[in-house]
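Observations on the model geometry
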Amino acid sequence: MLLLIQYTLIFASVLLLVALGGCFSEHSGVINIGLEGIMVFGALGGALMMKYLPADAPAAVIILLSIGAAMLVGIIYSLLLAVAAINFKADQTLVGTAMNLLGVAAATVFVKAINTAENPNNVSSTIQYINAKKAFLVNIGGFEFNWFMALAVALLLLSWVLLYKTRFGLRLQACGEHPQAADSVGINVYKMRYAGVMLSGLLGGVGGLVYITAGVSEWKFENGVAGFGFLALAVMIFGQWKPFRIALAALLFGLFRALSNVYTGFDFLASLNLPSTVYNMLPYIISLIVLALTSQKSAAPKAEGIPYDKGSR
Amino acid sequence: MEKKRASLLRNPGVQTLLSSLLCILLGLVIGYIALLIINPAGAWGAITAIVKNFWNYGRTNLQLRYLGNTLVKTAPLLMCSLSVLFAYKVGLFNIGAAGQYVAGAGAALYFALALKMPWWVCMIAAILAGAVLGCISGALKSFCNVNEVISCIMLNWIALYTVNSLLNPVKNPTSPYTMGLTSVNPEAVMPSLGIEKLFTNNRYTTLAIPLAIVIAVLIWVLLSKTKLGYELKATGLNKHAAKYAGMREKTNIILTMAIAGGLAGLGAAMMYLTGFEEWSVTQSSVPAMGFNGIAAAFLGGLHPIGAIFSSFFIQHITNGGGYVDMTMYSSDISDFISSMIIYLCGFVLFFRQFMSSRLARRDEARKGGKQ
């Protein structure tokens, strides 16, 4: 049971962080389908930092530097979307999809190149970080507390304050609802949209790092992040683009994802004798059902997905 | 003469072609830079190996044989790209081609290996499986307002896990792959109709290759010459206007996704009913074919005939990735190049606008000079 809670919380943290990222981007008016690719790159940045930091570095240094690396790489990668969608008015769905494919392909090429350079016989795309990962874990009576859970909660509160209680957040939302009106009162729509996309890069990058450290201590970058970026988008829609509702939705989805890791530990679930693939599919099936039930009255930002053109009415 | 060249540049078809070529060129240059960063010594050799693909072999009969291998995988890729572009013409982004392809593969192989059906029954089963999956996304979109991109991604994973467990009973006892088609049920292999003779007896080149081209032409006819195609495109442009004009916009959306799904499913049949590859029941990621279909669709300027050439090109460099020096680089570099090309396709609209505005400015300058 403790294990289920632990996995639920860690997967919910991933979904919460990435969904908040999507939330910032969409409130500024840019649909970020590329979250999956951003997660891969954030994970890559964090994993490399953990790999190259000396093993005897203090835990706090490891935590701060790897989170920082994931955030930074996530932001840089998200600029690919920002430039294409904001300056060049590209199709946001197409660019996002390309970023997802590019994320996995580029990370694989990069990691394989590093591995082969270290050892010519090693052609895998796996990075190991067993020792560094221990820095994130604090054992409290059998429950493995992960600093990422605290980080997720902190960023949730911070996001809520930023989105609803600051001038910046309100302006950001104005750009997603009615950019022309925002522009007419002197808000620079392009700058705000850049800010929204870069915030989603920051949060998506950390989310990726949390995901690859969630259950394992090495990651094969060929596999990407298994659709988690899209699950996060479903969480965001289910949460109606509002941070606290997103947090609740993330807990629900996290629970179903965690079940596939630990269902064998529950007698009544094990006695059902369902094949493990059913549990693997569960988060995706639940999200389809949830989306079908909740998408009818959507609170999506009105101008999302539409490139802002100063000249148009 | 000068005037004729200018009007040629103004032709949208020519502009699209030029933009696509620019995307390819930039994609290759960026790929080359990536190779240089990894290891400058072999970069030029690697990029030429990718572009050469089957020309890496010296003898003509070997070249033909490996050209055949590229074509075997071009046919399914063309189907996936037609699936994506057909949906896109109706305003839907069918990222689910990958999952529909998986469903088609599952149906084709199950009918072939477990039920021992002849190839055409397997093919129809694959089309139907893909179409059903497409229908689900279409219905969710039109009745529940679910964004098709998200529902498609969820269905991709659901399809993958379902097919893995569906095909588990017909897998080889000693490996994670499904049993060989030729040994278990030769009836299920698509007929070659003598096409293999053209490719130095490459027995994987079958009816699938000409069939794929015929279907590309049929899709072009359907989209641009029929009432149904007109209605579908009108629905894509503005579904409220289409409804006002008396079209059944909900049915149209579902029908579109069904056709798109059927195309991707057929693609899977063209792949797995040749016996060229087996399905691995332990695979944990959705096959790249459907996603490469997105690349091919956009690179081909969203035109069915363009898709024939772009599918061949994407498959050509994907296969070419297998010829890079493995001691220095990984074959994934070609995935990197093709995903870079998709990203650059996002800028096509900008390229075209840039070209048009330059032409307009030049005209204006010339007019000013005459007065």
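Residues numbered from 1 in each chain as written. Chains lettered and ligands numbered in written order. Predicted model: local features only at pLDDT ≥ 70, side-chain atom pairs only at ≥ 80, totals over all residues. Heavy atoms only, no water.

1. Some remarks on the overall build of chain B
Along its length, chain B carries 17 helices and zero strands. Taken over C-alpha atoms, the radius of gyration comes to 22 Å for chain B, in line with the 21 Å a tight globule of 371 residues would show. With the principal axes as the frame, chain B shows a C-alpha extent of 85 × 60 × 40 Å. Relative to its full complement of 371 residues, chain B shows a buried share of 53%. Restricting the contact set of chain B to residue pairs at least 6 apart, pairs at least 24 apart contribute 76%. Within the structure as shown, chain B displays about 16,000 Å² of accessible surface, and the carbon and sulfur contribution to it stands at 65%. (Helix = DSSP H or I, 4+ residues; strand = E, 2+ residues; numbered from the N terminus. Rg over C-alpha atoms; globule rule 2.2 N^0.38 Å. Buried < 20%, exposed > 50% of the residue type's maximum accessible area, 1.4 Å probe, protein only. Contact = heavy atoms within 4.5 Å. Areas by Shrake-Rupley, 256 points an atom, 1.4 Å probe, with all protein chains shown as cover.)

2. Overview of the layout of surface pockets
Of the pockets and cavities examined, the second largest pocket occupies roughly 1,300 Å³. Asp91, Thr93 and Gly305 of chain A together with Tyr88 and Gly91 of chain B are the residues nearest the centre of the second largest pocket, which is lined by 41 residues in total. If you list the elements that add at least two residues to the lining of the second largest pocket, you get α4 (92–118) and α10 (228–238) of chain A together with α2 (12–38), α7 (148–167) and α17 (348–370) of chain B. A breakdown of the residues in the lining of the second largest pocket according to their chemical character gives 22 nonpolar, twelve polar and seven charged. (1 Å grid on protein atoms, 1.4 Å probe; cavity = no way out; pocket = protein on both sides within 12 Å on 5 of 7 lines; lining within 4 Å. Points joined across faces, edges and corners; volume = space filled by probe spheres on them. Nonpolar A, V, L, I, M, F, W, Y, C, P; charged D, E, K, R; others polar.)

3. Section: helix α14 (residues 289–299) of chain B
Side chains that are three or four residues apart share a direction in an α-helix, a result of its 3.6 residues per turn. Residues and elements named next belong to chain B. Burial of α14 is extensive: eleven of the eleven residues sit out of reach of the surface. All buried positions along α14 are accounted for by Met289, Gly290, Phe291, Asn292, Gly293, Ile294, Ala295, Ala296, Ala297, Phe298 and Leu299. Downstream of α14 by a residue or two, Gly301 has a phi angle that is positive, lying close to 65°.

4. Here's the deal with the interface of chain B and chain A
Across the contact, 39 residues belong to chain B and 41 residues belong to chain A. Its largest share of buried area at the contact with chain A, chain B owes to Met154, Tyr161 and Tyr343 of chain B, together 19% of the area lost on that side. In this assembly, chain B and chain A are joined by one salt bridge. When the shortest N-O distance is used, the salt bridge between Lys112 of chain A and Asp332 of chain B registers 2.8 Å. Inspection of the chain B/chain A interface yields three residue pairs in polar contact (both at pLDDT 80 or more). Top element by residues in the side of chain B that touches chain A is α7 of chain B. It accounts for eleven residues. In terms of residue class, the side of chain B that touches chain A is made up of 28 nonpolar, nine polar and two charged. (Buried area = accessible area lost by both parts, 1.4 Å probe. Salt bridge = Lys/Arg side-chain N within 4 Å of Asp/Glu carboxyl O. Polar contact = N/O pair within 3.5 Å; in protein donor to acceptor, adjacent residues only side chain to side chain.)

5. Some points on the packing of helix α3 (residues 59–87) of chain A against helix α9 (residues 189–214) of chain A
All names here are of chain A. Interaxial distance between α3 and α9 falls to 6 Å at its minimum, and their mutual angle equals 140°. Considering the angle they form, α3 stands oblique to α9. In the crossing of α3 with α9, the sense of the turn from one axis to the other is right-handed. Of the residues assigned to the contact of α3 with α9, the class counts are 16 nonpolar, six polar and one charged. (Axes fitted to C-alpha atoms, helices over the stretch in contact; angles between N-to-C directions. Parallel < 35°, antiparallel > 145°, perpendicular 65-115°, else oblique. Left-handed = near helix turned anticlockwise from the far one by under 90°.)

6. Some words on the packing of helix α3 (residues 43–52) of chain B against helix α15 (residues 304–320) of chain B
Residues and elements named next belong to chain B. In contact at an axis separation of 6 Å, α3 and α15 are set at 135° when each is read in the N-to-C sense. As the angle between them shows, α3 and α15 are arranged oblique. Relative to α15, α3 is oriented so that their crossing is right-handed. Every residue of α15 that contacts α3 at Ala49, Ile50, Val51 and Lys52 is listed here: His316, Ile317 and Gly320. Partitioned by chemical class, the residues of the contact of α3 with α15 number four nonpolar, two polar and one charged.

7. A short note on a nonpolar patch on the surface
All names here are of chain A. A cluster of nonpolar residues, Met1, Leu2, Ile5, Leu9, Leu248 and Leu251, forms a patch on the protein surface that exposes about 560 Å² of accessible area. Those elements that provide at least two residues to the nonpolar patch are α1 (2–27) and α11 (243–262). Ranked by residues supplied to the nonpolar patch, first place goes to α1 with three residues. In this structure, Met1 sits in the segment before α1. Take Met1: its relative accessible area is 64%, and that puts it in the exposed class. (Patch = residues over 30% accessible without salt bridge, like charges linked within 9 Å, V, L, I, M, F, W, Y side chains within 5 Å.)

8. Quick word on the nonpolar core
Core analysis: the largest hydrophobic core is formed by 226 residues, its most contacted members being Phe221 of chain A together with Leu82 and Trp279 of chain B. Ranked by residue count, the leading element in this core is α1 of chain A, at 14 residues. Dropping the residues within four chain positions of it, Trp279 of chain B is found in contact with Val102, Ala105, Leu109, Leu160, Val163, Asn164, Leu167, Pro176, Tyr177, Thr178, Tyr272 and Pro287 of chain B. Listed in part, the six residues of the second largest apolar core include Phe54, Ile195, Phe199 and Ile209 of chain B. (Core = buried A, V, L, I, M, F, W, Y, C linked by side-chain atoms within 4.5 Å.)

9. Considerations on the environment of Phe168 of chain A
Residues and elements named next belong to chain A. If you trace the backbone, Phe168 turns up in helix α7 (residues 167–177). Overall, Phe168 belongs to the partly exposed group, its relative accessible area being 27%. Linking Phe168 and Met192, residues 24 residues apart in sequence, is a C-alpha distance of 8.4 Å. Residue contacts for Phe168: discarding those within four places in its chain leaves Leu162, Met192, Ala195 and Leu199.

10. With respect to the packing of aromatic side chains
In total, this model carries 23 aromatic pairs over all chains according to the counting rule given. Here the aromatic rings of Tyr190 of chain A and Tyr308 of chain A are separated by 5.7 Å at their centres, their planes lie at 50°, and the arrangement is tilted. Here the residue Tyr190 of chain A occupies a position in helix α9, and Tyr308 of chain A occupies one in the segment after α13 (276–294), the gap between them amounting to 118 residues. Residue class for Tyr190 of chain A comes out partly exposed when judged on its relative accessible area of 23%. Given a relative accessible area of 6%, Tyr308 of chain A falls into the buried group. Through successive ring pairs, a cluster of aromatic residues spans Phe88 of chain A together with Tyr343, Phe347, Phe350, Phe351 and Phe354 of chain B. Sitting over the face of the ring of Phe11 of chain A, Arg257 of chain A holds its NZ or CZ atom 4.4 Å from the ring centroid. (Phe/Tyr/Trp six-rings, centres within 6.5 Å; stacked < 30°, edge-to-face > 60°. Lys NZ or Arg CZ within 6 Å of the ring centre and 35° of its normal.)

11. Quick notes on the confidence of the model for chain A
Taken as a whole, chain A shows an average pLDDT of 85; of its residues, 98% reach a score of 70 or greater. Within chain A, helix α12 (residues 267–272) of chain A has the poorest average pLDDT of any element, 70, and α9 of chain A the best, 91. (pLDDT = per-residue confidence, 0-100.)

12. Describing the state of the cysteines
Disulfide: a covalent bond formed between the sulfur atoms of two cysteine residues. Counted under the stated rule, the structure contains zero disulfides over all chains. Distance from the sulfur of Cys23 of chain A, which forms no disulfide, to the nearest cysteine sulfur (Cys175 of chain A) is 15 Å. (Disulfide = S-S within 2.5 Å.)

13. Regarding the confidence of the model for chain B
Taken residue by residue, chain B gives an average pLDDT of 84. The fraction at 70 or more is 97%. Two numbers describe this predicted complex: its pTM, 0.87, and its ipTM, 0.85.

14. As for the environment of Gly74 of chain A
All names here are of chain A. Summarising the element assignment, Gly74 is placed in helix α3. For Gly74, a relative accessible area of 0% gives the class buried. Measuring from C-alpha to C-alpha, the distance between Gly74 and Val30 comes to 16 Å, with 44 residues separating the pair along the chain.

15. Some thoughts on the side chain of Ser159 of chain A
Residues and elements named next belong to chain A. By secondary structure assignment, the location of Ser159 is in helix α6 (residues 147–164). With a relative accessible area of 4%, Ser159 lands in the buried category. Setting aside residues no more than four positions away along its own chain, Ser159 makes contact with Leu20 and Phe24.

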